[in-house]
Amino acid sequence: MGFSITGGVSITGGVSLLPGGSGGSGGLSNGYSSGGSDPGSVDTIDKFPFSSDANATDVGDLTAARYGVAGQSSSESGYTSGHGSGVPTWDTIDKFPFASDGNATDVGNLTVARLYCSGQNSADHGYTSGGWELATPGTTNVIDKFPFTSDSNATDVGNLTQVTDGGPAGQSSSDYGYVSGGNGGGPGFSDYNKIDKFPFASDSNASNIGNLTLSRKQVSGKSSSESGYTTGGDNHASSVTLNTIDKFPFAADANATDVGDLSVSRAATAGQSAISAGYTSGGIAPGVINSVDKFPFASDGNATDVGDLTVPRANLAGQQG
């Protein structure tokens, strides 16, 4: 079923330098980590600054404690989609403001109730792709889209090239959403190294455009103006937790390259994207941890530990604004 501890990760980024990762590049001010498990579900929304290396503060709560969630970011708000504290809330889309610290509100539902999914965002919409579907049950390849301009339910706008569970990573350029890693969630829990891409300009299916350097699940993603990053994770077959930072280009369809290491091997993390750096927060290493790593976009290099979340947790979502 793919229910080994996995990450609900989400990540934004891309080209236009707007706050919150709108249309692409990272947020201007803060990273956010929402939800998670330790091992029970957590409703905490943490915020940490991009301008200095510092610990996070607790700035609000989700509408319910939830894990295995995906995150999206508009220019004004953070979104946390999927799973929840009980069966009725597994399709929930929560929204919380960037302008002031406060609790999230329930603003809509996904078309497929699921967890362990990935998140992407364009300038106008949030996307939730893949994951473990509650109703069947089993893995899903559905790509959902919901608007930032109004509070409403998501619509099914396409499919990934394969069903994907196990905490795949999400990345976003100004024009495309990306899904990397994860696993099949079936017998043998085969891990993936595939990188899928789907367009924001039209509602359509994804295409496979490259591979990660390693097959892995429980990964998280970040995005610069030029590249997508996939960090950490674990390999089901070997039960090895990884510290790898992979990078793939947005300008061309190509395989990823290994460009550095996290400060500690970890899986089931969240990712956040500033304009100049990528962040990896929380996770399992192998115990549940609260550390926040940062690595530069301008040059290929290792990450450093720059702060802590308020609560150690895994299977959390990441946003930036």
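Structure first, text after, so check above.
So, here is what we can say about the structure in this document. Predicted, not measured: the structure shown is a model, and the values here were computed from it.

Criteria and cut-off values
- Residues numbered from 1 in each chain as written.
- Predicted model: local features only at pLDDT ≥ 70, side-chain atom pairs only at ≥ 80, totals over all residues.
- Heavy atoms only, no water.
- Salt bridge = Lys/Arg side-chain N within 4 Å of Asp/Glu carboxyl O.
- Helix = DSSP H or I, 4+ residues; strand = E, 2+ residues; numbered from the N terminus.
- Buried < 20%, exposed > 50% of the residue type's maximum accessible area, 1.4 Å probe, protein only.
- Pairing = 2+ DSSP bridges.
- Axes fitted to C-alpha atoms, helices over the stretch in contact; angles between N-to-C directions.
- Polar contact = N/O pair within 3.5 Å; in protein donor to acceptor, adjacent residues only side chain to side chain.
- Contact = heavy atoms within 4.5 Å.
- Core = buried A, V, L, I, M, F, W, Y, C linked by side-chain atoms within 4.5 Å.
- Phe/Tyr/Trp six-rings, centres within 6.5 Å; stacked < 30°, edge-to-face > 60°.

Another aspect to go through is the pattern of salt bridges. The tally for this structure, following the rule as stated, stands at 12 salt bridges. One salt bridge in this structure joins D144 and R114, with 3.0 Å as the shortest N-O distance. You can see D144 sitting in strand β14 (residues 142-147) and its partner R114 sitting in strand β9 (residues 114-115), a full 30 residues away along the chain. D144 sits in the buried class, given a relative accessible area of 0%. Taking the shortest distance from any N to any O, the salt bridge between D253 and K197 comes out at 2.9 Å. Placement of the pair is D253 in the loop between β24 (244-249) and β25 (257-261) and K197 in strand β18 (residues 194-199), with a sequence separation of 56 residues. Residue class for D253 comes out partly exposed when judged on its relative accessible area of 45%.

It is worth spelling out the sheet that holds β25 at this point. Overall, antiparallel pairing links the four strands, which are arranged β20-β21-β24-β25 in an open sheet. Two strands lie at the open edges of the sheet, namely β20 (220-223) and β25, each paired on one side alone. For this sheet the average axis-to-axis angle between neighbouring strands, irrespective of direction, equals 30 degrees.

This next bit is on the side chain of D234. Mapped onto the elements, D234 comes out in strand β22 (residues 234-235). Look at D234 and you get buried, because its relative accessible area is 11%. A polar contact is formed between the side chain of D234 and the side chain of K217, at a distance of 2.7 Å. Excluding anything up to four places from it in sequence, D234 contacts D191, R216, K217, Q218, V240, T241, L242 and A267.

This next bit is on the nonpolar core. By size, the foremost hydrophobic cluster in this structure holds 11 residues: F48, F50, A56, A270, A274, A277, Y279, V292, V306, L309 and L316. Those residues in contact with A277 that lie beyond four places of it in its chain are Q272, K294, F295, P296 and F297. Core analysis: the next-biggest nonpolar cluster, separate from the first, contains eight residues, Y127, L160, V179 and F198 among them.

Turning our eyes to something else, we now look at the packing of aromatic side chains. Enumeration according to the criterion identifies 19 aromatic pairs in this entry. Seen in terms of ring centroids, Y32 and F96 are 5.5 Å apart; in terms of plane orientation they differ by 50 degrees. Their pairing is tilted. Here the residue Y32 occupies a position in strand β2 (residues 30-34), and F96 occupies one in strand β7 (residues 92-97), the gap between them amounting to 64 residues. Here the two residues Y32 and F96 agree in accessibility, since each one is buried. Ring geometry for Y79 versus F146: centroids 5.4 Å apart, planes at 50 degrees, classification tilted.

Time to look at unusual backbone geometry. With an omega of -15 degrees, the peptide bond between D38 and P39 qualifies as cis. Mapped onto the fold, P39 is located in the loop between β2 and β3 (44-49). With an omega of -5 degrees, the peptide bond between A285 and P286 qualifies as cis. Along the chain, P286 falls in the loop between β27 (277-281) and β28 (291-296). Even without being a glycine, Y116 presents a positive backbone phi close to 55 degrees. For Y116, the position within the fold is in the loop between β9 and β10 (118-121). Look at N315: it is not a glycine, yet its phi comes out positive at around 60 degrees. Along the chain, N315 turns up in the loop between β29 (304-308) and β30 (317-320). Judged by relative accessible area, N315 falls into the buried class, the value being 2%.

It is worth stressing that arrangement in space is one thing and function is another; only the former is reported here.
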